[in-house]
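Residue-level listing of the chains:
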Amino acid sequence: MIKKAAVKKAILILLILGMAMPFPAYADPLEDLNSEKLAVSLVVDTSGSMIRTDPEMLRRRVADIFIEMLNPDDYLGIVIFNSEVTLAVPPRRMESEAVRTSFKESIQDRLAGTADTDYVQALLAAENQLDAIADSDARKLIIFLTDGRPDPDPVNVPPGSPQMESYMDTLWTRTASISGKAYPVYSIAFSDDIDVEILNRIAEETGGDVRIYRDAAELDQNLIQILQSREEIIQELLAPAIIQEAIGKPQLINEFWPKRGGYRLGEAETVVASIRVGNRSVGEGPLLQVDSFNFVVEKENGEVSRLPLLDDGGEASGDIMAGDGRWTTRWSISSEYSARVYLEASGTYRDEAFDLKKDLGEIFTAAPGRVTISAGQESLWVKAGETLTIPLIVENRSPFAEVLDVRAEGDLGDLRSSQVEIGPGATRTVNLFIDTDSGISKGTSDLRIIARPLHPETELNSSMVGYQVETVGFFGNIINSIGENMLLVSVLGGIFILLPLLIFVLGNLFYMILVSPATKIRGTLQYWKDGKEKDKKEFNLKAAKRNEVRISMDIEDRADFNLGSTRYSHDIIIGKKLLVEGRKFIIGWKKLFSNKPMTSTYIKTTLPGILNFRNDIYTEMNLYDGMEFVSGEFNFKYSMGDKKWSKGEEAGKDILEGRTNGF
């Protein structure tokens, strides 16, 4: 038997050794999350119900948030689905503005609501996207945006049928597969049609989270408006589930964020919060007892009001479903004040008392303000076929940022933009634009700008501002331009006898400054062989300093650039051409008084070479910024580079995007 003295001695030695060891340093889990790389598969529901539940296309804003806010080292893939997966944009690192732009263009016209809702195919596509990312340092996760419940085929898979039971079994199998790979699913759901239990189970099994909102307006106010940076995306959307899972104690989670821009008298909000343990909200029951749960408004004058939050499914509190762990209250603004608002909750969880508080920041309330509008210049002129600029002076005497809906009444056309936004207390001149038709009648006409404040309580001094607009032709344009530049008129008058020579000299000068630089090839041409994009190289076309360059497949050919092909012998020629004919000095004057492009970029091949663009075959075609094509054994991508001398050619890009059968 071991003697007690020996045991005491051993314990003493262990204590001494333990005291000698350094204490571990515990990192801030939120800081660790902020420093991690993310790999996000964004899944967007576009079922037919979205036409009703999301008429303002907030789903596009959610997509834009992730496209814009992720770091260059983060990955993003997008899945768009209804009764099937209608688009899957493969995950890529957000390494450049070009990548972000390509993502936006991919989904631009693909978010319209139609058909039904198949969760299984959507989650399978998202799982496959994350599987394809080989970066082991990236935290992989799924953001799932939906307005409904699983409903893949109401005719052949009706609710409550054996077919639906089989479908749900498939859904849980897919969820288990995602869980096994540690891909948490963060669901963002809005509308009264949401099946809370299904989304909670997906979150619970995958280690994700669920955010549920009554409708699109509540989603916009309580989530979209707060996600202004990557750090806030992590803190408000991802971190709660991850950090709470590690802590394992009740946490107070707000699903409502006060407006940073303040509240107008008469407004009302639904305040939503929950008590979470791990990755899910906990309702009152055997484990959780809530003594009090309040939304607190602590006013600047010391007055404090507490609004109790309830999980009762009652209309008065604004609660959607009783017992779902989401506590709500209605907050109405009836007086002016500045205040700090926060949430507080107390009770017991597993017989252990808790007392929670979460600061939501400072807010202010005020009476609706007043906006005045007036004409910056009542008499305007425009050359037929060009853009009319309309100066509108807007003075905001409101403590809130204000938005005006504006429209034009008259025969000149419609405004490019229908809204004007101005910050609180600001005064500025806003330029509105109308692109006139080249066939519009010459002469003077009345133009009226009609304005309406977006917020109905905002006072507007006048709903209409009037202008007189003179529509002129080419020579009228010159005359009015000269009239606005009297110094130039004086100079021209002083040298009237030399006017023909001056016109010739100035025209050639304008050509040299405005046109000639645009006739030189600029930009770069990247090239790579199939399957070897990582070995991508590029030619600096600008270095040739010419209006046409020749690229030879033959490495020994004395061309401007050589590709070194062993299979092909044709040439690729890239050049610039003038779109107008005439003497240089005439073209120079035309360019001075016109914004129309004077040059275009073309590409062609010598026989027997061809250009393969979007599976159409060409020997010659126009070339625009960002175009990718194939010739011989090489893939190519053209980048315009410096836009200073090629603004006009950018207009062709949008035209090109919609073409499928050549030019």
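A brief report on the enclosed structure follows.

Scanning the protein chain for helices and strands turns up 15 helices and 35 strands. The buried share of the protein chain, reckoned over its 663 residues, is 45%. Across the protein chain, contacts joining residues at least 24 apart in sequence account for 66% of those joining residues at least 6 apart.

The strand order β28-β27-β29-β30-β33 describes an open sheet built from five strands, whose pairing is mixed. Both edges of this open sheet fall to β28 (561-562) and β33 (620-622), since each of them pairs with a single strand only. With five bridges joining them, strand β27 (residues 548-552) and strand β29 (residues 571-578) adopt antiparallel strand pairing. In the sheet register, S552 faces β29, and the bridge partner there is D571.

Let us now look at helix α4 (residues 58-69). Over its twelve residues, α4 runs 16 Å from end to end, which matches the ideal 16 Å to within 8%, given 1.5 Å per residue. The complete set of buried residues in α4 reads L58, R59, V62, A63, I65, F66 and I67.

Looking now at the pairing of strand β15 (residues 352-366). Note that strand β8 (residues 263-264) and β15 share two bridges and pair parallel. Bridging across to β15, Y263 finds its partner in T365. Judged from the 13 bridges that link them, strand β14 (residues 337-349) and β15 form a sheet pairing that is antiparallel. Following the sheet pairing, Y342 is matched in β15 by D359. The loop that links β14 with its antiparallel partner β15 comprises two residues; one of these, R350, has a positive phi angle of about 55°.

Under the counting rule described, the total for this entry stands at 16 aromatic pairs. When the ring of F81 is compared with that of F144, the centres are 5.7 Å apart and the planes differ by 20°; the resulting orientation is stacked. Placement of the pair is F81 in strand β2 (residues 75-81) and F144 in strand β4 (residues 138-146), with a sequence separation of 63 residues. You can call F81 buried: its relative accessible area is 0%. Relative to W331, the ring of Y263 lies with its centre 5.0 Å away and its plane at 65°, an arrangement referred to as edge-to-face. A residue pair is termed long-range when its members are at least 10 positions apart, and Y263 in strand β8 and W331 in strand β13 (residues 326-332) qualify at 68 residues. Of the two residues, Y263 and W331, both sit in the buried class. Cation over ring: R201 sits above W172, and NZ or CZ is 3.9 Å from the ring centre. Across from the ring centre of Y342, 4.0 Å away, lies the NZ or CZ of K357, which sits over that ring.

Within the element layout of this structure, S445 appears in strand β22 (residues 443-453). For S445, a relative accessible area of 18% puts it in the buried group. If we skip the residues at most four places from it in the chain, S445 touches L412, Y467, Q468 and V469.

In this section: the sheet that holds strand β17 (residues 379-383). On the basis of which strands lie adjacent, the open sheet formed by five strands has the order β17-β24-β22-β19-β20 and mixed pairing. Whereas interior strands pair on both sides, the edge strands pair on one side only; in this sheet they are β17 and β20 (419-422). Across this sheet, the average inter-strand angle for adjacent strands is 35°, counted without regard to direction. Two strands pair when backbone bridges link them, and strand β19 (residues 402-409) and β22 are joined in this way by six bridges, in the antiparallel orientation. Considered in β22, the bridge of E409 is made with R448.

Below, the discussion takes up the pattern of salt bridges. Note on pairing: side chains with opposite charge can pair once their charged atoms come close. Counting across every chain of the model gives 35 salt bridges. Between K104 and E68 there is a salt bridge, and its shortest N-O distance comes to 2.2 Å. Linking K104 in helix α5 (residues 97-107) with E68 in helix α4, this pair joins segments that are 36 residues apart in sequence. Looking at K104, the relative accessible area reads 30%, which means it is partly exposed.

A few words now on helix α7 (residues 162-180). The end-to-end C-alpha separation of α7 is 27 Å, in line with the 27 Å expected for 19 residues at 1.5 Å each. Listed in full, the buried residues belonging to α7 are M164, Y167, M168, L171, W172, T175 and I178. For α7, the angular spread of the buried residues around the axis is 140°, confining them to a single face. In α7, the exposed positions that point more than 90 degrees away from the buried face belong to P162, E165, D169, T173 and G180. Contacts made by the buried residues of α7 are with α6 (119-131), β4, β5 (185-190) and α8 (196-206). Looking at the residues trailing α7, positive phi occurs at A182, about 60°.

Below, the discussion takes up the nonpolar core. With 40 residues, the main nonpolar core has L42, L76, I78 and I143 as its most contacted residues. Top contributing element to this core by residue count: α4, with six residues. Setting aside its immediate chain neighbours within four residues, L76 contacts V40, L42, F66, I67, L70, P90, P91, R92, M94 and F103. In this structure, A39, A122, V185 and V210 belong to the second largest nonpolar core, which totals 34 residues.

Definitions and cut-offs
- Residues numbered from 1 in each chain as written.
- Predicted model: local features only at pLDDT ≥ 70, side-chain atom pairs only at ≥ 80, totals over all residues.
- Heavy atoms only, no water.
- Helix = DSSP H or I, 4+ residues; strand = E, 2+ residues; numbered from the N terminus.
- Buried < 20%, exposed > 50% of the residue type's maximum accessible area, 1.4 Å probe, protein only.
- Contact = heavy atoms within 4.5 Å.
- Pairing = 2+ DSSP bridges.
- Expected span 1.5 Å × (residues − 1).
- Phe/Tyr/Trp six-rings, centres within 6.5 Å; stacked < 30°, edge-to-face > 60°.
- Lys NZ or Arg CZ within 6 Å of the ring centre and 35° of its normal.
- Axes fitted to C-alpha atoms, helices over the stretch in contact; angles between N-to-C directions.
- Salt bridge = Lys/Arg side-chain N within 4 Å of Asp/Glu carboxyl O.
- Arc of directions from axis to C-beta.
- Core = buried A, V, L, I, M, F, W, Y, C linked by side-chain atoms within 4.5 Å.

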